[in-house]
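# Overview (structure and organization)
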Amino acid sequence: MYIVYSIRKVCPLQVIAGNNEDDCSLNMHAKKINIAIDGFSSCGKSTMAKDLARELGYTYIDSGAMYRAVALYAIRKGWITETAMDEEALHKHISEIKITFSPNAQGGQDTYLNGENVEDEIRSLEAANGASRVSTLGFVRKELVRQQQEMGKEKGVVMDGRDIGTVVFPDAELKLFITAPPEIRAQRRFDEMKAKGFNPPAYEDILANVKERDLRDTTRAESPLRKADDAIELNNTHVGIEGQLQWALDMFNRITTENEQN
Ligand code: DC
């Protein structure tokens, strides 16, 4: 079933009025909350999370970038090859991996691995596949979840990933779960690469990669991707970037208003 969401104008913060009923109202006086956004790879959840954090003045944290950075560290050390992964070496050195985020000139943020900006390198298909593999390891998850929980302890965080609503912030006040069929997500990934000026792999290869990652994400023993019981779901197949942001802002308003009334 598709949820078709009407697209309305997203208001810049300066004109957001408060608790009135018009389209531009946003409950900005609400106590800060944590927002967990989970979903399949390439489903647009990072875009939603970034946009939502910007509109609310919250901190955005890309948990997938953290798994990618761990994978990059392991790839550079030669611990991950096409056919093998040296889990023992990674386990021994996991505490040497420090991941931080810092704002960039484009208004986004870059990922740093032990102080080095690795934002571009972690977006490669090799790092994505490595991330999918290291994210199956319990000791990697334990360390990254610890760091993520630390980042969210003051609230005011929008974090996206696979286990945010179920493991990282099980008490998050707002949990969103985003879906779209693999074919749609593969096409979006293909278009995005083209738009960025990269020469994309064949659509069929991207689709196969999306499906492979879905399978690994949903079937792994450690914190498999699943919708938290109290998460609100959006299938964004027919919803654009502005539409999904407006939906998320509406969910934020609904939850924070309900919380104030209780
Ligand atoms: O969202 P992404 O494609 O950047 O994530 C990279 C990989 O990391 C993906 O295969 C799933 C994994 N991941 C995870 O297991 N848990 C998270 N919270 C975030 C990502």
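Here, residues in each chain are numbered from 1, in the same order as that chain's written sequence. Where local features are concerned, this predicted model is filtered to residues with pLDDT of at least 70; where side-chain atom pairs are given and counted, the filter is 80 or more; whole-chain, interface and lining totals use all residues. Only hydrogens and water are set aside; all other atoms, that is, all heavy atoms of the structure, feed into the side-chain values.

On to the sheet that holds strand β7 (residues 174–179), then. Strands are labelled as partners when DSSP assigns at least two bridges between them. The way it works is that DSSP assigns letters per residue, a run of H or I at least four long becomes a helix, a run of E at least two long becomes a strand, and they are numbered from the N terminus. Spatial ordering of the open sheet is given by β2-β6-β1-β7-β8, a layout of five strands whose pairing is parallel. Each end of this open sheet is capped by a strand with a single partner; those strands are β2 (59–62) and β8 (232–235). Taken over all neighbouring pairs, the strand axes of this sheet differ in orientation by 20 degrees on average, direction set aside. Contact criterion: two residues are considered in contact whenever any of their non-hydrogen atoms come within 4.5 Å of each other. Only the stretch in contact is used when a helix axis is fitted, and all axes are lines through C-alpha atoms; the angle between N-to-C directions ranges over 0 to 180 degrees. Where helix α1 (residues 45–56) meets the sheet, its contacts fall on β1 (34–39), β2, β6 (157–161), β7 and β8, and the angle it forms with β1 comes to roughly 165 degrees. Taken strand by strand, helix α9 (residues 241–261) contacts β1, β7 and β8, and its axis lies near 155 degrees from that of β7.

This part is about the site of the ligand. A cutoff of 4 Å decides nearness: a residue is near a molecule or strand if any of its heavy atoms lies inside that distance of it. Of all residues adjacent to the ligand, which total 16 residues, the nearest are Arg68, Arg141, Asp163, Arg213 and Arg220. Polar contacts, as counted here, are pairs of nitrogen or oxygen atoms within 3.5 Å of one another; within protein the pair requires one atom able to donate a hydrogen and one able to accept it, and residues that are adjacent in sequence qualify only if both atoms are side-chain atoms. At a separation of 2.9 Å, a nitrogen atom of the ligand approaches a polar side-chain atom of serine 63. Here, Shrake-Rupley sampling with a 1.4 Å probe gives the accessible areas, and only protein chains in the shown set may cover a residue. Taken by itself the ligand offers 450 Å² of open surface, and the protein chains cover 97% of this. Secondary structure elements with two or more residues in the shell around the ligand: α2 (63–77), α4 (125–134) and α8 (203–219). In terms of residue count, the dominant contributor to the shell around the ligand is α2 (four residues).

What follows concerns the pattern of salt bridges. By convention in these notes, a salt bridge is any Lys or Arg side-chain nitrogen within 4 Å of a carboxyl oxygen on Asp or Glu. Evaluation of the coordinates by the stated rule reveals 17 salt bridges. Across the pair arginine 54 and glutamate 55 runs a salt bridge whose closest N-O atoms are separated by 3.3 Å. Think of it in three bands: residues with accessible area under 20% of the maximum for their type are buried, residues over 50% are exposed, and the middle band is partly exposed, with areas taken using a 1.4 Å probe on protein chains only. A relative accessible area of 8% places glutamate 55 in the buried class. For glutamate 150, the salt bridge goes to lysine 153, with nearest N and O atoms at 2.5 Å. Here the residues in one salt-bridge network are Asp51, Arg54 and Glu55, joined through shared partners.

The strand order across the open sheet formed by three strands is β3-β4-β5, and the pairing between neighbours is antiparallel. Both outer strands of the open sheet, β3 (99–103) and β5 (116–117), are each paired with one neighbouring strand and no more. Bridging between strand β4 (residues 109–113) and β5 involves two bridges; their strand directions are antiparallel. Looking across to β5, one finds that leucine 113 is bridged to glutamate 116. Contacts between α2 and the sheet are confined to β3, β4 and β5, with β4 contributing the most and set at about 40 degrees to the helix.

This paragraph deals with the domain arrangement of the protein chain. Each domain's limits were defined by an automated method or a database of domain assignments. According to the domain assignment, the protein chain contains domain 1 (11–58 + 156–257) and domain 2 (60–153). Of note, the centres of domain 1 and domain 2, computed from C-alpha atoms alone, are 20 Å apart. Taken together, the contact pairs 25 residues of domain 1 with 22 residues of domain 2. Both sides together, the interface formed by domain 1 and domain 2 hides about 1800 Å², and carbon and sulfur atoms give 52% of it. Remark: the boundary between domain 1 and domain 2 carries one salt bridge. Note that aspartate 163 is salt-bridged to arginine 141, the shortest N-O span being 2.9 Å. Remark: the boundary between domain 1 and domain 2 carries ten residue pairs in polar contact (both at pLDDT 80 or more). Contributing elements (two or more residues each) for the side of domain 1 that touches domain 2: α1, β6, α6 (164–168) and α8. By residue number, the principal contributor to the side of domain 1 that touches domain 2 is β6, which donates five residues. By convention, the term buried area covers the 1.4 Å-probe accessible surface removed from two parts as they join, with the contributions of both added.

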